[in-house]
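Chain by chain, the residues run as shown.
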Protein chains: 2
Amino acid sequence: MDQVRLIEVKQDIHADNEKAAEELRRQLSEQKTFLLNLMSSPGAGKTSTILSTIGQLEGTLRFGVLEADIDSMVDAEKVAAEGISAVQLRTGGFCHLDAAMVARGLEGLELGGLDVVIIENVGNLVCPAEFDTGAIKNVMILSVPEGDDKPLKYPLMFTVCDVLLVNKIDYLEFSDFDLEAMRERVLRLNPDIRIFEISAKTGQGVEEWAAWLSEEATGFIRG
Amino acid sequence: MDQVRLIEVKQDIHADNEKAAEELRRQLSEQKTFLLNLMSSPGAGKTSTILSTIGQLEGTLRFGVLEADIDSMVDAEKVAAEGISAVQLRTGGFCHLDAAMVARGLEGLELGGLDVVIIENVGNLVCPAEFDTGAIKNVMILSVPEGDDKPLKYPLMFTVCDVLLVNKIDYLEFSDFDLEAMRERVLRLNPDIRIFEISAKTGQGVEEWAAWLSEEATGFIRG
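Quantities reported herein were computed from a predicted structural model and do not represent experimental measurements.

*Asks:* Looking at this structure, I do not really get the overall build of chain A. What am I missing?
*Replies:* The secondary structure content of chain A amounts to 8 helices and 8 strands. Over its C-alpha atoms chain A spans a radius of gyration of 16 Å, differing by no more than 12% from the 17 Å that the globule rule assigns to 223 residues. Counting every position in chain A, which comprises 223 residues, the buried fraction comes to 59%. If you sum the accessible surface of chain A, you get close to 9000 Å²; carbon and sulfur atoms cover 46% of it. The average position of the 21 basic charges and that of the 38 acidic charges among the side chains of chain A differ by 2 Å.

Here you go:
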């Protein structure tokens, strides 16, 4: 098991987040590191999606993970147990990550050896949508048990993301979740969003989503 | 279907929230209105729990509901369709309710005719835990598909609540959710919390939880 580093992050309310995010993207472009920001509600399956995605792309791209949590290190420990470089950012009550926090977290990973870093943001459909982390692409998970009405209630999150992963599709048969209604609601907010249906648990659909990620990351790294 | 009122709420960053919450509790005590603050992740089942709880206590207590959402009125419309007085608070991007927002929302309900008002807070396990709404009791829902590790990751929410409703227990058989491990984690944070296992969908366990609510509300109203 890799060692997990713990970094306590505090919000600098004076920081100009947009500027910090642009500066971070410039650095990532120079360093050829593809940074992906993964957001969702608590319990939608961020950690298991990260693990199944990295498992799918093992041997083709080198991954690191930035785990954000208000407290505890359980997610970073799970990731590190799979031999993946992981840093735990403990946000101490803050409900989102900003670019300065992410930049501090990246200092804890050896970026020279990594092609892709995935940020597991704080489990929250509200605040993380409002803060540019400096990531190259933004991805969100909506899990089937949460319901198909979430795009109506948390529209900003669905609007700022490049990809929507509909996770836990193995629950579809026990649920009244309407995939078509959900899809229509999401595309009305964000016509360009890519939607993949997956089950991080069974592996269903992960290949297609991982192929998208691999193509985007490879294109970015080759510049 | 009852008419739904929509109130746009903006956060007054200068307000002293603790003071406003105390003042609201004083007023509620005078008016004999029991105010319950219900919190959870998005999609944990707040609206369906409210409906099944009120259904259980129909004819014994008169209920009103304050629905908080960043956008949309779907929840308030669902509640009003059942003939229950509902006000929609649209928070316009804010990730929680504070006591001033709740006080404004209560102005939209005719409190004289109501024994219990339930606040459906913004779906978020982080920020709502930090703001006293002026409620008499705080209740949270954790739904089975979210996982049993949530007390480790969102400890403040589990610490500030008087009751934990473990919802969607009809999903237990398809899940590796460990009820005993979850219970132990929660009680370590908050030894006095009451835990009820329910399924708002099937009705299982709702009677016991509703009986607790009825007893608390009746005690409060009788003063």
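So much for the structure itself; the text now carries on.
*Asks:* How should the relation of the copies chain B and chain A be read in this particular structure?
*Replies:* Each of the two chain copies can be brought onto the other by rotation about an axis and movement along it. Least-squares fitting of chain B to chain A yields an RMSD of 0.0 Å, with the transformation described by 0.0 Å of translation along the axis and a rotation of 180°. Interpreted geometrically, this transformation is the action of a two-fold axis. By residue overlap, the copies meet face to face through one surface: 100% of the interface positions of chain B are interface positions in chain A.

*Asks:* Looking at this model, I keep getting lost on the interface of chain B and chain A. Mind explaining?
*Replies:* Interfaces are often sized by the accessible area lost when the parts come together. Taken together, the contact pairs 33 residues of chain B with 33 residues of chain A. For the pair chain B and chain A, the summed buried area comes to about 2500 Å², and 58% of that belongs to carbon and sulfur atoms. On inspection of chain B and its partner chain A, the count reaches 2 salt bridges. Among the ionic pairs, Lys 153 of chain B bridges to Asp 75 of chain A, the shortest N-O distance being 2.6 Å. Joining chain B to chain A, the criterion identifies 8 residue pairs in polar contact (both at pLDDT 80 or more). Elements with a minimum of two residues in the side of chain B that touches chain A: α3 (74-81) and α5 (150-153) of chain B.

*Asks:* Explanation requested: the packing of helix α1 (residues 17-31) of chain B against helix α4 (residues 99-107) of chain B in the structure shown.
*Replies:* In a pair of packed helices, the angle between the axes and the distance between the axes together describe the arrangement. Residue and element names in this part refer to chain B. Viewed as axis vectors pointing N to C, α1 and α4 meet at an angle of 35°, and their least axial separation amounts to 8 Å. Here Asn 17, Ala 20, Ala 21, Leu 24 and Leu 28 of α1 come into contact with α4, specifically with Ala 99, Ala 100, Val 102, Ala 103 and Leu 106. For the contact of α1 with α4, a count of residues per class yields 9 nonpolar, 1 polar and no charged.

*Asks:* What is the right way to look at the nonpolar core in this model?
*Replies:* Looking at soluble globular proteins, one finds that nonpolar side chains tend to be buried together. Residues Leu 106 and Leu 164 of chain A together with Leu 106 and Leu 164 of chain B are the most contacted members of the largest nonpolar core, which totals 83 residues. Not counting chain neighbours up to four residues away, the residues in contact with Leu 164 of chain B comprise Met 140, Ile 141, Leu 142, Phe 158, Met 182, Val 186, Ile 193, Arg 194, Ile 195 and Phe 196 of chain B.

*Asks:* When you look at the side chain of Thr 53 of chain B in this model, what are you seeing that I'm missing?
*Replies:* Mapped onto the fold, Thr 53 of chain B is located in helix α2 (residues 46-56). Beyond its immediate sequence surroundings of up to four residues, Thr 53 of chain B is in contact with Val 206, Trp 209, Ala 210 and Leu 213 of chain B.

*Asks:* I'm lost on the environment of Glu 173 of chain A in this one. Help?
*Replies:* Residues and elements named next belong to chain A. Looking at where Glu 173 falls in the secondary structure, it is placed in the loop between β7 (163-167) and α7 (179-189). By relative accessible area, which is 69% here, Glu 173 ends up exposed. C-alpha separation for the pair Glu 173 and Leu 57, spaced 116 residues apart in sequence, amounts to 29 Å.

*Asks:* Got a minute to help me understand the pairing of strand β2 (residues 34-40) of chain A in this structure?
*Replies:* Moving residue by residue along a regular strand, the side chains alternate between the two faces of the sheet. All names here are of chain A. Counting buried residues along β2, 7 of its 7 residues qualify, which places the element largely inside the surrounding structure. With 5 bridges connecting them, β2 and strand β5 (residues 116-120) associate as parallel partners. Residue pairing for β5: Leu 35 is matched across the bridge by Val 117.

*Asks:* Looking at this model, I keep getting lost on unusual backbone geometry. Mind explaining?
*Replies:* When glycine is set aside, most residues are seen to have a negative phi, and most peptide bonds are trans. All names here are of chain B. Non-glycine residue Lys 32 carries a positive phi angle of around 60°. Relative to the assigned elements, Lys 32 resides in the loop between α1 and β2 (34-40). With a relative accessible area of 35%, Lys 32 lands in the partly exposed category. The residue Lys 168 is not glycine, and still its phi comes out positive at about 60°. Turning to its location among the elements, Lys 168 is positioned in the loop between β7 (163-167) and α7 (179-189).

*Asks:* Please explain the confidence of the model for chain A as it appears in this structure.
*Replies:* Parts of the model with low pLDDT should not have their predicted coordinates read in detail. Scored by pLDDT, chain A has a mean of 92; 93% of the residues are at 70 or more. Scored as a complex, the prediction yields pTM 0.91 and ipTM 0.87.

Thresholds applied
- Residues numbered from 1 in each chain as written.
- Chains lettered and ligands numbered in written order.
- Predicted model: local features only at pLDDT ≥ 70, side-chain atom pairs only at ≥ 80, totals over all residues.
- Heavy atoms only, no water.
- Helix = DSSP H or I, 4+ residues; strand = E, 2+ residues; numbered from the N terminus.
- Rg over C-alpha atoms; globule rule 2.2 N^0.38 Å.
- Buried < 20%, exposed > 50% of the residue type's maximum accessible area, 1.4 Å probe, protein only.
- Areas by Shrake-Rupley, 256 points an atom, 1.4 Å probe, with all protein chains shown as cover.
- Lys, Arg positive; Asp, Glu negative; His and termini not counted.
- Charge placed at Lys NZ, Arg CZ, Asp CG, Glu CD.
- Least-squares fit on C-alpha atoms with pLDDT ≥ 70 in both.
- Contact = heavy atoms within 4.5 Å.
- Buried area = accessible area lost by both parts, 1.4 Å probe.
- Salt bridge = Lys/Arg side-chain N within 4 Å of Asp/Glu carboxyl O.
- Polar contact = N/O pair within 3.5 Å; in protein donor to acceptor, adjacent residues only side chain to side chain.
- Axes fitted to C-alpha atoms, helices over the stretch in contact; angles between N-to-C directions.
- Nonpolar A, V, L, I, M, F, W, Y, C, P; charged D, E, K, R; others polar.
- Core = buried A, V, L, I, M, F, W, Y, C linked by side-chain atoms within 4.5 Å.
- Pairing = 2+ DSSP bridges.
- pLDDT = per-residue confidence, 0-100.

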